[in-house]
Amino acid sequence: MMLSEQKDAGSKRYYITTAIDYPNAPPHIGHSLEKVAADIVARFHRLQGHDTYFSMGVDENSQHVVRAAQTNGIDPATWVDKMDEAFRLAWSRLDISYDYWIRTTQERHIRASQELFRRAQARGDIYKSIYRGWYCPNCNKFYTDEELVEGKCPDHPSLVPEWLEEENYFFALTKYSDRLLAHITEHPAFIVPAARRSEVLAMLQQGLRDFSVSRLVRPGTDAWGVPVPGDPQHIIYVWFDALTNYVTAVGFPDDEAQFARYWPADAHVIGKDITRFHCLYWPAMLLSAGLPLPRQVAVHGFITLNGQRISKTAGNSIDPLELVDEFGADAVRYSLARNLSFASDGDFSRANLIRHYNDELANDLGNLLNRVVTMIQRYRGGIIPPPGPVGALEEELQYLAEETRRRAAVALDAWEIGGALGIIWSFVRRTNQYIEQSEPWRLARQAEKKELLDTVLSSAAEALRLLAIFLAPYIPSACDRIRGQLSLEPVDVGAWVHEGRWGAGTLARVSAGPLLFPRIDVSTPPS
Ligand SMILES: [Zn+2]
């Protein structure tokens, strides 16, 4: 039995988060990968009948954001409002089904950050000391001499970090080294995939250092960020405040009922560049506050664009909105998810997207729907017949449907998002093959084969019904349209469990609609 089916489906809850992004510029296709991945998993859990809560948002309290506002000649508050709209627009156009949207400038988040800070203070984990180091404002991070590359920030080669020396509050991270090591060792699934877990264990073996959790407000500048409780000359370090968003989103500290229902999170989905913060700093902050640790941190790799690292300076970032306008959300989601493995990096390109669209979405899936609906109309006046006698081909198709359901769920539980899609797609192809092998157009010419034709039409429609459940996490809008052509309502919570088995749904008639994925003309090569 699957992990996600062990408990009564109705009682299980699933809380999933993504990293919150700096709104210093609108999101690009690289940001989209993480949101699409988390959305697929969130939708999968809803289909399992789990009480799913999916939180996303923006990390607004950074000097990075203040600088972007200055560069654009706008005050930071107006800037973050504008960016907040841009991010929410991008995610809604990509059909990202988040339940809660957090902005770290929200009053409730400021209260949550300050409460976490106070709890660490009460535990004796916060102390004052002098901080010295090379500070990169774009990373919001201090570097040692050895870490700089030719005097520049290792992540921002055009940026000379500032030498800063100031009295800061520090968090006693070192105090938690042993407990962090024990937790990561005893919970092999706490950090996935395994390679990321090994990296974090290596960080622990190298030895942790306490980290600064405040910044002094510079004289003559406006404070931007969350004030340290009782000492407003200091702003809480942006990472301490940002990590807190995961508890703010479920009601901490005011809504005890919601917090008790959803905390600890089941999964924090993050990029591989921020494991230190999520796998060491954040658990230590929670231990200090006396709160339970998240069950899992799932770390994805990055995508390149046509083989190149995506960056603003390289000028190669793609606006996800333009892709959605041109190809639709499902095509972008499909192409991002298709080869997505959390164990490796991936590549994205417009040319590949068009190829995936034409060869797979239009040709494999769109044609399958079209030919099944057309045949049921032509041969049975639109009524989906009950099956006649079942033979070896149908038995194999039914077996494969159940295997698809089982194996795709196992893969999704293991964050093999592209792998699960590949498993489901084999079933799309097998269903096409089934139609080729059973030759319904020949059966239709022989009156004595009427019952066999019923079996073929009914089996093909049933396979499509199941595909519209299995594929719903990936291409939700297309799945609703498939179901529409089978005269079914959009997919419902719990459908994977209640309707995901062969014969577990009711099919009555088809209702033809437009082509699911009209082919894209590639006679003129894409620019
Ligand atoms: Zn930097």
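Residues numbered from 1 in each chain as written. Predicted model: local features only at pLDDT ≥ 70, side-chain atom pairs only at ≥ 80, totals over all residues. Heavy atoms only, no water.

Asker: Help me get a handle on the nonpolar core, residues and values and all.
Answerer: One recurring pattern in soluble globular proteins is that nonpolar side chains are buried together. Membership of the largest hydrophobic core comes to 99 residues, with the highest contact counts inside it found for Ile16, Ile29, Trp415, Ile417, Leu471 and Tyr474. Residue contacts for tryptophan 415: discarding those within four places in its chain leaves Tyr14, Ile16, Val41, Val192, Ala267, Val269, Gln296, Ala298 and Phe342. Residues Ile110, Leu208, Phe211 and Ala242 belong to the second largest nonpolar core, which totals 62 residues. (Core = buried A, V, L, I, M, F, W, Y, C linked by side-chain atoms within 4.5 Å. Buried < 20%, exposed > 50% of the residue type's maximum accessible area, 1.4 Å probe, protein only. Contact = heavy atoms within 4.5 Å.)

Asker: Describe in detail the pattern of salt bridges, supporting the description with residues and values.
Answerer: One pass over the full model with this rule turns up 38 salt bridges. As a salt-bridge pair, aspartate 84 and arginine 88 come within 3.0 Å of each other at their nearest N and O atoms. Taken as a pair, aspartate 84 and arginine 88 lie in helix α3 (residues 76-93) at a separation of four residues, close to a single helical turn. Aspartate 84 sits in the buried class, given a relative accessible area of 3%. (Salt bridge = Lys/Arg side-chain N within 4 Å of Asp/Glu carboxyl O. Helix = DSSP H or I, 4+ residues; strand = E, 2+ residues; numbered from the N terminus.)

Asker: Account for the packing of helix α17 (residues 450-470) against helix α18 (residues 476-485), with residues named and values stated.
Answerer: For the pair α17 and α18, interaxial distance at closest approach is 9 Å and the crossing angle is 155 degrees. Our classification of the angle between α17 and α18 gives roughly antiparallel. Note that α17 runs across α18; the crossing there is left-handed. Contact residues: α17 offers Leu464, Arg465, Leu467, Ala468 and Ile469, while α18 offers Cys479, Ile482 and Arg483. Among the residues forming the contact of α17 with α18, the class breakdown is six nonpolar, no polar and two charged. (Axes fitted to C-alpha atoms, helices over the stretch in contact; angles between N-to-C directions. Parallel < 35°, antiparallel > 145°, perpendicular 65-115°, else oblique. Left-handed = near helix turned anticlockwise from the far one by under 90°. Nonpolar A, V, L, I, M, F, W, Y, C, P; charged D, E, K, R; others polar.)

Asker: Go over the pairing of strand β3 (residues 100-103), please, and point to the residues and values.
Answerer: Here β3 shows a buried face lined by Tyr100 and Ile102 and a second buried face lined by Trp101 and Arg103. Direction of pairing for strand β2 (residues 51-58) relative to β3: parallel, over a ladder of four bridges. Looking at the pairing, valine 58 lines up with arginine 103 of β3. (Pairing = 2+ DSSP bridges.)

Asker: Provide a residue-level description of the sheet that holds strand β13 (residues 297-300), including the pertinent values.
Answerer: Two strands in a sheet stick together by hydrogen bonds in their backbones, pointing the same way (parallel) or opposite ways (antiparallel). Spatially, six strands are ordered β3-β2-β1-β12-β13-β7 in an open sheet, and the strand pairing comes out parallel. The sheet terminates laterally at β3 and β7 (191-192), the two strands that pair on one side only. Of the pairings in the sheet, the one linking strand β12 (residues 267-271) to β13 comprises four bridges and is parallel in character. Across the sheet, residue valine 269 finds its bridge partner in β13, namely alanine 298. Its contacts with the sheet put α3 on β2 and β3, and the angle it makes with β3 is roughly 155 degrees.

Asker: Could you give me a rundown of unusual backbone geometry, with the residues and numbers involved?
Answerer: A cis geometry characterises the amide bond from valine 192 onward to proline 193, with omega recorded as -5 degrees. Relative to the assigned elements, proline 193 resides in the loop between β7 and α6 (194-206). Tryptophan 263 connects to proline 264 through a cis peptide bond whose omega is 5 degrees. Along the chain, proline 264 falls in the loop between α9 (256-262) and β12. Phi is positive for aspartate 95, close to 60 degrees, though the residue is something other than glycine. With respect to the helices and strands, the residue aspartate 95 is situated in the loop between α3 and β3. The backbone phi angle of glutamate 439 is positive, close to 45 degrees, even though this residue is not glycine. Relative to the helices and strands, glutamate 439 resides in the loop between α15 (417-438) and α16 (440-443). The class for glutamate 439 is partly exposed, based on a relative accessible area of 28%.

Asker: Residues and numbers for the pairing of strand β1 (residues 13-18), please.
Answerer: The buried count for β1 comes to six of six residues, which makes it a mostly enclosed element. Of the two faces of β1, both are covered, the one formed by Arg13, Tyr15 and Thr17 as well as the one formed by Tyr14, Ile16 and Thr18. With five bridges joining them, β1 and β2 adopt parallel strand pairing. Bridge pairing in β2 links threonine 17 to serine 55. Handedness of the β1-helix α1 (residues 29-47)-β2 crossover: right-handed. Bridge count between β1 and β12: three bridges; the pairing is parallel. For threonine 17, the partnering residue across the bridge sits in β12 and is histidine 268. (Right-handed = clockwise from strand over helix to strand, strands pointing away.)

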